[in-house]
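One-letter residues, chain by chain:
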Amino acid sequence: MIDADIRAALCAALRHAQQKGALPAFDLPADVPVEHPRDAALGDYATPVCMQLARLARMAPIKIAQAVVEHLQLPAAIDEATVAAPGFINFRLAQRWLQGQVNAILEAGDTLGTLTLGTGQRVQVEYVSANPTGPLHMGSARNAVLGDALASVLQVAGYTVQREYYVNDAGARMRMFYATAYARYAQALGRTEFEVPEDGYHGAYMVAIGEQLAAEHGARFLELGEEAGSQAVGELALNQVLAEARNDLAAMGVSYDRWFSERTLYQQGQYDAIMSLLRQGGHLDLHDGAVWFNATAFGGSKDEVIVRSDGTPGYFASDIAYHYNKFVERGFDRVIDVWGADHQGHVARMHSMMQALGLDPARLTVLLYQLVTLKRGGEIVRLSKRTGDIITLREVVDEVGADAMRYFMLSRSADSQMEFDLDLAVAQSDENPVFDIQYAHARICSILRHGEIVSDEQADLSLLTHPAELTLIRRMVRLPEIIQLAAEQLAPHHLAYYAYDLAADLHAFYRDCRVVSSNPEDLPQSTARLRLVRACQVVLKRVLDIMGMSAPEVM
RNA sequence: GCCCCGGUAGCUCAGAUGGAUAGAGCAACUGCCUUCUAAGCAGUGGGUCCCGGGUUCGAAUCCUGGCCGGGGCGCCA
């Protein structure tokens, strides 16, 4: 990548300058910063390193910069390095190189921006993993989009990625869900003496599931008795909820490689395995009738209950077994769990647990995102699955559309709390920047339709000299850098801003540069521009793909 | 009380390893469609980067003390 080439060239130049005595001897930094100047007129890349070295070199920054530039061997993509006060070195991309990138992009095609950052590494991204006790609510939308886009980014960055949904189908909550399903099923058959437990799930969706199961299966589960009947009905209800979750996520373009059942951890011995491991390691204490994990030994603020005094394992027990399974049994090099900020307190204990199991805690990254506040009619909407007062993910997706939803969720960093105004989301959908981006793609398609009589294979790209053309290419060649940034920071929102900037550059080009022309004299230029537009389409399509958004050909 | 995340234009938010005159969308105002899509483009106005102190040649960015908002500190998940 260009910035890496510049870094390398700068390091070499510093060494040369010292060897030739142009700079005094001092310890050189292992790496130097390269950034983009605020003002594009200054250049495409810049380094402030000379200012940082001024103290060590006991020289004025600008003198250092001059010495460095004199000993600098420019990378192929750069044709000019200039010194600017108070000590910047600015680099300009060569026009010839930029023009050549049009072909490079077209050749790369679907593989454009593919990096080697994660080559040879298997990473798992686990996201959403909402309790399967009802429809997904809006709170999961951010998780879904973040996790899905992140997984895509990592894939492009070279990692082998697995997308996973953890199904919490074990434990007390599940039993309550089963009891609720059974009661609703019985009620649908006229057996009103069955009641939903107080701590059960009172939402209307459970009534619907009960009615559906009654209609499909009649009274035969009643005949099994409450114990077995509840088991059978609950199982069917669970499958129903999971199927709907799958559909709802698919409606946003979110899918998984694997749905992992919590239950199997107990059925297949992983829970027993980690318990004996922890016991052997001396990480367990027994008091107050419960089994505790000695988290304070690893810097935790308190110990954690693993097995309750009634003998049932808590959810932390499952989490330990689950992550043991991820790292040890399935051998992922790295795992990224996407969690809402309300789970922030669990991060430290997970890392303690990693240490207790003898695993490097750095292999587990928990990506926390701040919770979304929903507003409707100017008021904050509270979400609760128990009371049934929920806004489902599905109804919002249906209202605002998958692309707008994804763009909205992706255009904010995970750390920012966001307000989602349901009224505004619908009302503003026409004003949403997402359409500017997609419009750019549709516009490109339109130009290409008009120009399809011309073959641009032999285009003379040296004719691409208009500032709008070069600005557009400059943007296009930055995609790999953006992908790297997003992958390293686990921050897919950079893609959203890049896509918008790219679209804006395309629109400006469109205004300034006529592509298709009926005048035969324009043919060479028209051909070059067609090729540029096709390359731009590749870039735009690529970034939309990674974000999981559609690239419409007509709007 | 302790811990985590925020506070940047009227609103919603970007500002990667500290760097040059702090940006975008929306909202407001002014222009631009005989020719490839005006869901667009060009321009104007709009800022004590929450407040104080500190580190630095240089701070929206780092440290520290406050203030405000969100979240956490269960034998719930």
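Just so you know, these numbers come straight off a predicted model, no measurement behind them.

**Focus on helix α7 (residues 204-217)**
The first and last C-alpha atoms of α7 sit 20 Å apart over 14 residues, in line with the 20 Å expected at 1.5 Å per residue. Those residues of α7 not exposed but buried are Tyr205, Met206, Ile209, Gly210, Leu213 and Ala214. Close packing links the buried residues of α7 with α6 (172-188) and α8 (226-251). Phi turns positive, to about 65°, at Gly218, one or two residues after α7.

**What about the sheet that holds strand β14 (residues 418-421)?**
As summarised here, the arrangement of the 3 strands in space is β13-β12-β14, forming an open sheet in which the pairing is mixed. In this open sheet, the two strands that pair with only one neighbour each are β13 (379-381) and β14. Put simply, the sheet's adjacent strands are angled 40° from each other on average, direction ignored. Sheet analysis places strand β12 (residues 372-376) next to β14, joined by 4 bridges and oriented parallel.

**Some remarks on the nonpolar core**
One finds Leu154, Met405 and Phe420 to be the most contacted residues of the largest nonpolar core, which totals 153 residues. It is helix α20 (residues 523-547) that provides the largest number of residues to this core, a total of 13 residues. Membership of the second largest hydrophobic core comes to 32 residues, among which are Ala295, Val307, Ile320 and Tyr324.

**A few points about the packing of aromatic side chains**
A complete count under the given rule lists 16 aromatic pairs for this structure. Look at Tyr166 and Tyr322: their rings are 3.9 Å apart centre to centre, the planes differ by 10°, and that puts the pair in the stacked class. Residue Tyr166 is located in strand β5 (residues 160-167), and its partner Tyr322 is located in helix α11 (residues 315-329); the two are separated by 156 residues in the primary sequence. Considering the side-chain rings of Phe293 and Phe316, the 6.0 Å spacing of their centres and the 55° angle between planes classify their relative orientation as tilted. Remark: Phe316 occurs in helix α11 and Phe293 occurs in strand β8 (residues 290-293); sequence separation between them is 23 residues.

Rules behind the numbers
The numbers attached to residues start from 1 for each chain and follow its sequence in the written order. For this description, chains carry letters from A and ligands carry numbers from 1, given in the order in which they are written. Selection of residues for local features in this predicted model requires a pLDDT of at least 70, selection of side-chain atom pairs for listing and counting requires 80 or more, and totals for whole chains, interfaces and linings are taken over all residues. Derived side-chain values reflect all non-hydrogen atoms in the structure, with water molecules and hydrogen atoms excluded from consideration. Note on conventions: DSSP H or I runs of at least 4 residues are helices, E runs of at least 2 residues are strands, and numbering of each starts at the N terminus. The span you would expect from a helix comes to 1.5 Å times its residue count less one. Each residue's exposure class comes from its accessible area (1.4 Å probe, protein chains only) as a fraction of the maximum for that residue type: buried when under 20%, exposed when over 50%, partly exposed otherwise. Every residue pair with non-hydrogen atoms within 4.5 Å of one another is taken to be in contact. Each pair of strands is called paired provided DSSP finds at least two bridges between the two strands. To obtain an axis, a line is fitted to C-alpha atoms, over the contacting stretch when the element is a helix, and the angle between two such axes runs from 0 to 180 degrees between their N-to-C directions. Each nonpolar core is a collection of buried residues, namely Ala, Val, Leu, Ile, Met, Phe, Trp, Tyr and Cys, held together in the definition by side-chain atoms within 4.5 Å. Stacked, edge-to-face and tilted labels apply to pairs of Phe, Tyr and Trp rings (six-membered ring for Trp) whose centres lie within 6.5 Å, assigned for plane angles under 30 degrees, over 60, and everything in between, in that order.

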